[in-house]
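The chain contents come next:
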Amino acid sequence: MAKQLIKGNEAIVKGAILAGCRAFYGYPITPASEIAEAAAFYFPQAGGVFLQAESEVAAINMVYGAAAAGVRVMTGSSGPGISLMQEGISYLAGAELPCVVADIMRGGPGLGNIAPEQGDYHQVVKGGGHGNYRTLVLAPSSVQEMADLTHLAFELAEEYRNPVVVLADGYIGQMMEPVEFPAEAAAPHRLSWAVEGTAETRHNLITSILLEPDLLEAHVRALEAKYRRAEREAVRFESWRTEDAEIVLVGYGIVARVLKAVVEQARARGLAVGLLRPITLYPFPVAEVRRLCRRAAAFLVVEMSTGQLVEDVRLAVEGRRPVEFYSRTGGNVPSAEETLDFVQETADRHSQMAVPEGQLAYG
Amino acid sequence: MASYTVAHGKAKCFYDHYERKADLQHQTHYCPGCGHGIVHKLIAGTIDALGIQDRTVLISPVGCSVFAYYYLDVGNIQVAHGRAPAVATAVKRSRPESIVISYQGDGDLAAIGTAEIVHAANRGENFTVIFINNAIYGMTGGQMAPTTLLGQKSTTTPFGRNVWNEGYPLKVCELLASLTGPVYIERVALGDNKQIMRAQRAVRRAIEIQTQGLGFSLVEILSPCPTIWKMNPVEAQHWVKEEMTKTFPLGVFRDRTKEAERRPAPAHAPPLAEIPRILGIANGASRRAAAAAPLNDAEPRDLRIKVAGFGGQGVLLLGQVLAEAGLDAGLEVSWLPSYGPEMRSGTSNCHVRLSARPIDSPLVSRPNVLLALNEPSLRKFLPTVEPGGWVFYNGTALAEDCHREDVQILVRPFTKMADELGETRAGNIVMLGALLESTGVLSEQHVNGALRRLVKSERWLEINRLALAAGREAARKGNGHEK
């Protein structure tokens, strides 16, 4: 099958249209603007809608409208724009509307800069808007995954009737790699609950307001049950060379790519190092972390923030093993060399705790 | 008993019982004398008269009328405070046959949702806005609205609205009428029966305009809120007629129904089988059968290339040519730019990897090939080059303090050589020629293929052909490599 060398941001748009997405509403922001630009080029040709909104606030509410009308819809932005969209994402989750939001993370807080960072983890993975809801979060670490996981995001969004975020960093959005696309496009299809302005859908109601405490509690519990189901059924991760790993590196996005190089270099030094790459950040691969605790002496989380992903790892490890942390921010990506130095230090610190081969630790 | 005829029955598109309400399902949640009940009736009557019940989608944002879906038997979407015009925009764009009504209050439309209403109106979106102006926040208990009259007391203007603190009441019709986009804008009132009849005509006109596909219509309705105003219904109606209309004069502010053009119908969706071609990913559109040919070298190599220079020197393009040519050659490739703001005088670099094996990190921190198009780039990245690696430098000589013995360095004035070909900007391709000649990586055929895809103009293809040849020549001549 033929491959095409394209940017991550463009792969998202092509992946979306192939998944049957026919509406895009957005607002330009570096380093996500190529998403809106590619959408402006391809969506109208594919018989879809593209509109540059007056703000991210308007854009996410347009997404709400298109989702309520029953079409596959998406938007794309970066940190500051995602902050503005949080209200709308809360409404989408409350009204149980499916949509896909791509966040191509840049440096923050405030205006920060436009270089890659991973500081949006908390606001996206923990649900940055108000109320008891979660977004499902997919974290691509290659351009191929930008296309594939965007496609998956639409399936999950519809299955769970919930917003799904594709969370990538500026480098994954800006870099080019060969991508192989599916040969056939998925057909847009009708959703029974949508409000289309037709006789069949006249009695449908999209709402998130429930004034009676008992009614709202029942709704919140139903959402909760949905998220518990996602935690059982939707978890995805890549566990790479972890079977004999004493040090398990954990990272996502561009960092996971660097960590793969680190694993190779560490193993060349004789260190038993592996990589756990969460592909779903929510639901988080808790069971896999716990499984790895049996063998690993320590976890080492590497991220481009001052410590956000590491909290989920610590929650999953529950104190069974030490969880070390290495980070760069501001647009700096940890190099393989500096990370390897930290891996060596970590290995030196924890080597006496390493579990002898064939013997299970508690966990 | 005398028989009688019902002249004004319940509109068909009202529910008989309000089953979406928790209790008291035979009556509305609106207070006695509230204008919402009247306006709901005007809308319902219009929907019946135009026969559009199945097609109608009512958008209700925050305010007392958030529960309009209790009463109106149409498609209903409840939305966030102020955002109804954004939601309405998308519903109408994706479902052009639907009749979309955005029902908004004054706080919603004229305060928090100012941006959304202005831009929807300016785009001439083909939906109808019913704007209830009662000069107060009703649902939240009587705070100031953007339309609160000067001197009017509210819970957040306890001494009366003061122009020096809160400014003037916002006149939405006048504001929106300054835009070209809207087709119909009228302000009406519910101050007496005559005004209500006028309001009925305005609502019908506005929705008809939408059914005709003419574009944006808005009716502002001055409406009583007796409970919050602390008046009885009669006093409240009187206050609408006598006081509110002084600040908000009634009338038609915009009517270009005669000259407005029908909004063009959306283009037909192409057949599904056409989508891959449209996206440029159909077989044949993306061109290569990936034959896993190794690099030209006898031993397969893992090239970790850093290209660096000033913005405008073609740094990113040079990297892209290498990546495209590598992909053509059946290699695994990656290209990663150090992107920056689109501003002048920045520096630019990119990381390119070409490998026979899957690529772990696309970041190149220890390059084995450095293409330095200016001196700052050489100074910055020369120390990072792996021993035994290649360095190509666009200059005439190496400075005393910028030198290494353990790498192969080729120094040539590539930009100047491009100048001599008549195109300064081709310096990057001259350097590429030198790289190909010196290292033997990538065949001429794959590089030419990449250039043909990336460079659109015939003139530039010819310049690049000459540039590549000049670069190869330069690499062959003059002792080859300077150390």
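Bear in mind the structure is a predicted one, so any value in this text is a computation, not a measurement.

1. Some points on the overall build of chain B
Then step 1. Check the secondary structure of chain B and you find 16 helices and 13 strands.
Then step 2. Computed over C-alpha atoms, the radius of gyration of chain B comes to 35 Å, more than 25% over the 23 Å expected from 2.2 N^0.38 for 483 residues, which places it beyond the range of a compact globule.
Then step 3. With respect to the principal axes defined by its C-alpha atoms, chain B has extents near 120 × 55 × 45 Å.
Then step 4. Scored against the burial criterion, the 483 residues of chain B give a buried share of 55%.
Then step 5. Taking all contacts inside chain B whose residues are at least 6 apart in sequence as the whole, residues at least 24 apart take part in 65%.
Then step 6. For chain B, the exposed surface amounts to about 21,100 Å²; the carbon and sulfur share of it is 54%.

2. Some details on the sheet that holds strand β4 (residues 128–133) of chain B
Then step 1. Pairing is mixed across the open sheet formed by 8 strands, whose spatial order is β10(A)-β2(B)-β1(B)-β3(B)-β4(B)-β6(B)-β5(B)-β7(B). Looking along the sheet, the strands with just one partner apiece sit at the ends: β10 (205–206) of chain A together with β7 (251–255) of chain B.
Then step 2. Across 4 bridges, strand β5 (residues 184–189) of chain B lies against β7(B) in antiparallel orientation. Each residue of the ladder has a partner; that of B:Tyr184, found in β7(B), is B:Asp255.

3. Brief notes about the packing of aromatic side chains
Then step 1. Taken as a whole and judged by the stated rule, the model has 15 aromatic pairs over all chains.
Then step 2. Here B:Phe67 and B:Tyr70 contribute two aromatic rings whose centre-to-centre distance is 4.6 Å and whose plane-to-plane angle is 15°, an arrangement assigned as stacked. The same class applies to B:Phe67 as to B:Tyr70, namely buried.
Then step 3. Three or more aromatic residues link up through ring pairs in this structure, and these residues are B:Tyr18, B:Tyr30, B:Phe67, B:Tyr69, B:Tyr70 and B:Tyr71.
Then step 4. Looking at A:Arg134, its charged tip hangs above the ring of A:Tyr282, at a distance of 4.0 Å from the centre.
Then step 5. Between the NZ or CZ atom of A:Arg161 and the centre of the ring of A:Trp193, over which it lies, the distance is 4.2 Å.

4. Thoughts on the side chain of A:His350
All names here are of chain A.
Then step 1. Structurally, His-350 can be placed in helix α12 (residues 336–350).
Then step 2. Looking at His-350, its side chain comes within polar contact range of the side chain of Glu-324, at 2.8 Å.
Then step 3. The residues contacting His-350, other than those within four sequence positions of it, are Ala-297, Ala-298, Pro-322 and Glu-324.

5. Focus on the interface of chain A and chain B
Then step 1. Contacts between the two partners involve 75 residues from chain A, matched on the other side by 68 residues from chain B.
Then step 2. Approximately 5,800 Å² of surface area, both sides summed, lies buried where chain A meets chain B, with 64% of it carried by carbon and sulfur atoms.
Then step 3. For the pair chain A and chain B, the interface holds 5 salt bridges.
Then step 4. The salt bridge partner of A:Glu54 is B:Arg123, with a shortest N-O separation of 3.0 Å.
Then step 5. Looking at which element gives the most residues to the side of chain A that touches chain B, the answer is helix α3 (residues 56–68) of chain A, with 8 residues.
Then step 6. Of the residues in the side of chain A that touches chain B, the class split is 45 nonpolar, 16 polar and 14 charged.

6. Some words on the pairing of strand β12 (residues 247–250) of chain A
Residues and elements named next belong to chain A.
Then step 1. Burial along β12 is two-sided: Ile-247 and Leu-249 facing one way and Val-248 and Val-250 facing the other are all buried.
Then step 2. As paired elements, β12 and strand β13 (residues 273–278) share 4 bridges and run parallel to each other. Across the sheet, the residue bridging to Val-250 is Leu-276, located in β13.
Then step 3. Bridge analysis of β12 against strand β15 (residues 298–303) gives 4 bridges, and the strand direction is parallel. Among the inter-strand pairings, Val-250 is bridged to a residue of β15, identified as Val-301.

Definitions and limits used
Residues numbered from 1 in each chain as written. Chains lettered and ligands numbered in written order. Predicted model: local features only at pLDDT ≥ 70, side-chain atom pairs only at ≥ 80, totals over all residues. Heavy atoms only, no water. Helix = DSSP H or I, 4+ residues; strand = E, 2+ residues; numbered from the N terminus. Rg over C-alpha atoms; globule rule 2.2 N^0.38 Å. Buried < 20%, exposed > 50% of the residue type's maximum accessible area, 1.4 Å probe, protein only. Contact = heavy atoms within 4.5 Å. Areas by Shrake-Rupley, 256 points an atom, 1.4 Å probe, with all protein chains shown as cover. Pairing = 2+ DSSP bridges. Phe/Tyr/Trp six-rings, centres within 6.5 Å; stacked < 30°, edge-to-face > 60°. Lys NZ or Arg CZ within 6 Å of the ring centre and 35° of its normal. Polar contact = N/O pair within 3.5 Å; in protein donor to acceptor, adjacent residues only side chain to side chain. Buried area = accessible area lost by both parts, 1.4 Å probe. Salt bridge = Lys/Arg side-chain N within 4 Å of Asp/Glu carboxyl O. Nonpolar A, V, L, I, M, F, W, Y, C, P; charged D, E, K, R; others polar.

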